[in-house]
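Secondary and tertiary structure notes
What follows is the residue order along each chain.
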Amino acid sequence: MIIYLFLKEIKSFRNKFMGNAFKKLNREINKFNDVLNTMSVLIWDSRTKMPKKGANSRGYQVGTLTSVARDILLSSKMRKLLEDSQNETHNLDKDSFEKKTLSHLSEAINYHDKIPEKLQVKKAELEPLAHNAWAEAREKKDFKIFKPYLEEQVKIAIEQAHCIGFKDHPYDALMQRFEPGETVNSLKLLFDNLKVGLGEILDKISQIEQPNKDFLFKEYPIDKQIEFSTSIAKKFGYDFDRGRLDSTVHPFEISFTRDDVRITTRYYKNFINPSLFGTLHEAGHGIYEQNVKEEYSRSAMTTDFLSFYAVGGVSFGAHESQSRLYENHIGRSKIFWENHYNELVDCFPETLKKVSADDFFKAVNVIEPSLIRVESDESTYDFHIMLRVDIESMLVDKSLKVSDLPVVWNDQIKKYLGLEVPNDSEGVLQDIHWSGGQFGTFCNYTIGNVMAAQLIDTMDNSQPKIRTEINKANYSPLLDWLKSNIHQHGRRYSRNELLEKCTGETLNPKPYIAYLKDKASQVYGVKF
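The shown structure was predicted, so the numbers you read here are calculated from the model rather than taken from an experiment.

Definitions and cut-offs
- Residues numbered from 1 in each chain as written.
- Predicted model: local features only at pLDDT ≥ 70, side-chain atom pairs only at ≥ 80, totals over all residues.
- Heavy atoms only, no water.
- Helix = DSSP H or I, 4+ residues; strand = E, 2+ residues; numbered from the N terminus.
- Buried < 20%, exposed > 50% of the residue type's maximum accessible area, 1.4 Å probe, protein only.
- Contact = heavy atoms within 4.5 Å.
- Core = buried A, V, L, I, M, F, W, Y, C linked by side-chain atoms within 4.5 Å.
- Phe/Tyr/Trp six-rings, centres within 6.5 Å; stacked < 30°, edge-to-face > 60°.
- Axes fitted to C-alpha atoms, helices over the stretch in contact; angles between N-to-C directions.
- Parallel < 35°, antiparallel > 145°, perpendicular 65-115°, else oblique.
- Left-handed = near helix turned anticlockwise from the far one by under 90°.
- Nonpolar A, V, L, I, M, F, W, Y, C, P; charged D, E, K, R; others polar.
- Pairing = 2+ DSSP bridges.
- pLDDT = per-residue confidence, 0-100.
- Polar contact = N/O pair within 3.5 Å; in protein donor to acceptor, adjacent residues only side chain to side chain.
- Expected span 1.5 Å × (residues − 1).
- Bend = angle between axes of the 7 residues up to and from the residue.

Observations regarding the environment of Leu190
- Among the structural elements, Leu190 can be located in helix 9 (residues 184-205).
- On the basis of relative accessibility, which here comes to 9%, the residue Leu190 falls in the buried class.
- Through-space distance from the C-alpha of Leu190 to that of Leu499 is 16 Å; in sequence the pair is 309 residues apart.
- Not counting residues within four places of it along the chain, the set of residues in contact with Leu190 comprises Thr446, Ile447, Val450, Leu507 and Pro509.

If you want it as structure tokens, here you go:
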């Protein structure tokens, strides 16, 4: 009781005498976060509902809000409150909310001081226009429509990299926004390790007959696709009272605080995989955002100051770990389809009347190179990432011209996957990222794959009862474990800090390769 009263007295003293400047600082951060969320609403609308001719004015609107956000962040008021708060909180623990807030903010001010405002606004104004051009080019399978916009985005990215500064490669500077600490050299080490393990899997199954997957391309009424994928997202823990699902050209998740987290997918009447696994993937992202601590809303713990983006996930790779975990480790597992296949058959009785749960499990886990990244299997997916990292780094160091991009892309697809690219839409135009100037983000997908496997491996070893519940189609204990170890912390800890706290080590590809080998064994009967 005495200890409790003593701690209460300390907390009271801290709130009374040490919080005035920090409280004012936090209110400025609240305003900054509000502006970023407003920008996100406009961006969501531009990708889902906005008429095509709204792109030009939408670009100006987002550009104006970018200027407003920048003015708040780099104002003399923010700088003075930062300095006063640093003096006020110097005795606090380095992992405290206050210290972490001040660290994030100080880093952001130093970062954005290096980047001219006109460059940041130009990028923001360009995004809606570039997105519309990309969507039209993709629809018409004509890279030339998108080319001038991409050239502008590449110029901006190069200028940004040189403003930020780098030691070895300009691409390192761009990755700082998405995956702090990663470099071209660190990715080479990771990719080299993965190439060995992935190569072993592909060699093992190369002479084995592929499972039948023809039924995946039969008729699947879209209303029933929505019904099934929505029901599974709910079972996983995605809260539709704080979210919604819409259709779009390229699936994404976006949030405007934890109480409004939206996901999207795309539908094909004669192919179920994109909507099914796209929804589970984006639901994983959404579950992360919905379960950040409520008190972190509108704070530094849900603000990416570097990217001018309101988000709770600590890095794009950490975010991707959650989407890949739900999509692949759960949604493509054998036990998942044993538990839920009858529900799928109820939605598509004629299409699946002669297909067993085991047939379906094997079909959605076929290892076979694909032209499309988001529709590729787990064992070839990372090759898509490797070629994109190669191409982006060449664009940024100017060893590759945008005009030569389709040819180089097609050559890289042939090199990594042994496939011929029939048109630009199935090649260089398939991803949305470059329309938004997101150079340096593709590595996050592979990092997410690796991190997801580490988390699941740790969970299975430390909390085997959770796996027992998953096997009974009860996903609440999994969500509780992820909340405790990942979601609730928002941006308080770095990716590697989260990994070390949860698994005892930083990024390690061994559990990922082991997981993929086990999956290949289940589908193809091979042994490693």
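Having seen the model, we can carry on.
With respect to the nonpolar core
- If you look at the biggest cluster of nonpolar residues, it comprises 153 residues, and the most contacted ones within it are Phe146, Trp337, Phe360 and Trp434.
- By residue number, the principal contributor to this core is helix 17 (residues 443-462), which donates 10 residues.
- Not counting chain neighbours up to four residues away, the residues in contact with Trp337 comprise Phe228, Leu276, Phe277, Gly331, Arg332, Leu344, Ala357, Phe360, Phe361 and Val364.
- Core analysis: the next-biggest nonpolar cluster, separate from the first, contains 7 residues, Trp44, Phe252, Tyr309 and Val311 among them.

With respect to the packing of aromatic side chains
- Tallied over the full model, the rule gives 22 aromatic pairs.
- Consider the rings of Tyr220 and Phe348, whose centres lie 4.9 Å apart with planes at 75°: the pair is edge-to-face. Of this pair, Tyr220 sits in the loop between helix 9 and helix 10 (222-236) while Phe348 sits in the loop between helix 13 (334-347) and helix 14 (357-363), and the two are 128 residues apart along the sequence.
- For Phe348, a relative accessible area of 3% gives the class buried.
- A centroid spacing of 6.4 Å and a plane angle of 70° characterise the contact between Tyr381 and Tyr445, whose relative ring orientation is edge-to-face. In this pair, Tyr381 is assigned in helix 15 (residues 378-396) and Tyr445 in helix 17, connecting sequence segments 64 residues apart.
- Accessibility expressed as a relative area gives 13% for Tyr445, which makes it buried.

Remarks on the packing of helix 9 against helix 17
- It is the contact of helix 9 with helix 17, at a shortest axis distance of 12 Å, that shows an interaxial angle of 55°. The angle between helix 9 and helix 17 falls in the class oblique. Relative to helix 17, the crossing made by helix 9 is left-handed. Of the residues in helix 17, those touching helix 9 at Leu187, Leu190, Phe191 and Leu194 are Cys443, Thr446, Ile447 and Val450.
- Residue classes in the contact of helix 9 with helix 17 are distributed as 7 nonpolar, 1 polar and no charged.

So, the sheet that holds strand 2 (residues 253-255)
- Spatially, 3 strands are ordered 1-3-2 in an open sheet, and the strand pairing comes out mixed. In this open sheet, the two edge strands, each paired with only one partner strand, are strand 1 (243-247) and strand 2. Between one strand and the next, the sheet's axes are offset by a mean angle of 20°, whatever the strand orientation.
- In this sheet, strand 3 (residues 261-265) lies alongside strand 1 in parallel orientation, the contact comprising 5 bridges. The residue bridging Gly243 from the neighbouring strand is Val261, located in strand 3.

Some remarks on the confidence of the model for the protein chain
- Residues with a pLDDT of 70 or more make up 96% of the protein chain, whose mean pLDDT is 95.
- Long-range and interchain partners of residues 2-7, a stretch whose pLDDT sits below 50, account for 0 contacts in this model, where long-range means more than four residues apart.
- Of the regions scoring below 50 in pLDDT, residues 9-14 engages in 4 contacts with residues more than four places distant in sequence or in other chains.

Some remarks on the environment of Thr264
- Note on placement: Thr264 falls in strand 3.
- Judged by its relative accessible area of 1%, Thr264 falls in the buried class.
- Sequence separation of Thr264 and Trp44 is 220 residues, and the distance between their C-alpha atoms is 9.7 Å.
- Apart from residues lying up to four places away in sequence, Thr264 is in contact with Trp44, Thr48, Leu245, Asp246, Thr248, His250, Pro251, Phe252 and Glu282.
- For Thr264, the side chain forms a polar contact with the main-chain nitrogen of Phe252, separated by 2.7 Å.

Observations concerning unusual backbone geometry
- One non-glycine residue, Thr257, lies in the positive phi region at around 85°.
- Relative to the assigned elements, Thr257 resides in the loop between strand 2 and strand 3.
- Positive phi outside glycine occurs at Ala473, with the angle close to 70°.
- Note that Ala473 resides in the loop between helix 18 (464-471) and helix 19 (476-485).
- Residue Ala473 is classed as partly exposed on the basis of its relative accessible area of 28%.

Brief notes about helix 13
- Helix length check: helix 13, at 14 residues, gives a terminal C-alpha distance of 20 Å against a target of 20 Å (1.5 Å per residue), a fit within 8%.
- Of all the bends found along helix 13, the most pronounced is centred on His340 and spans about 55°.
- What helix 13 keeps buried is the set Phe336, Trp337, His340, Tyr341, Leu344 and Cys347.
- Turning to helix 13, the residues buried within the fold contact helix 10, helix 11 (273-290), helix 12 (316-330) and helix 14.

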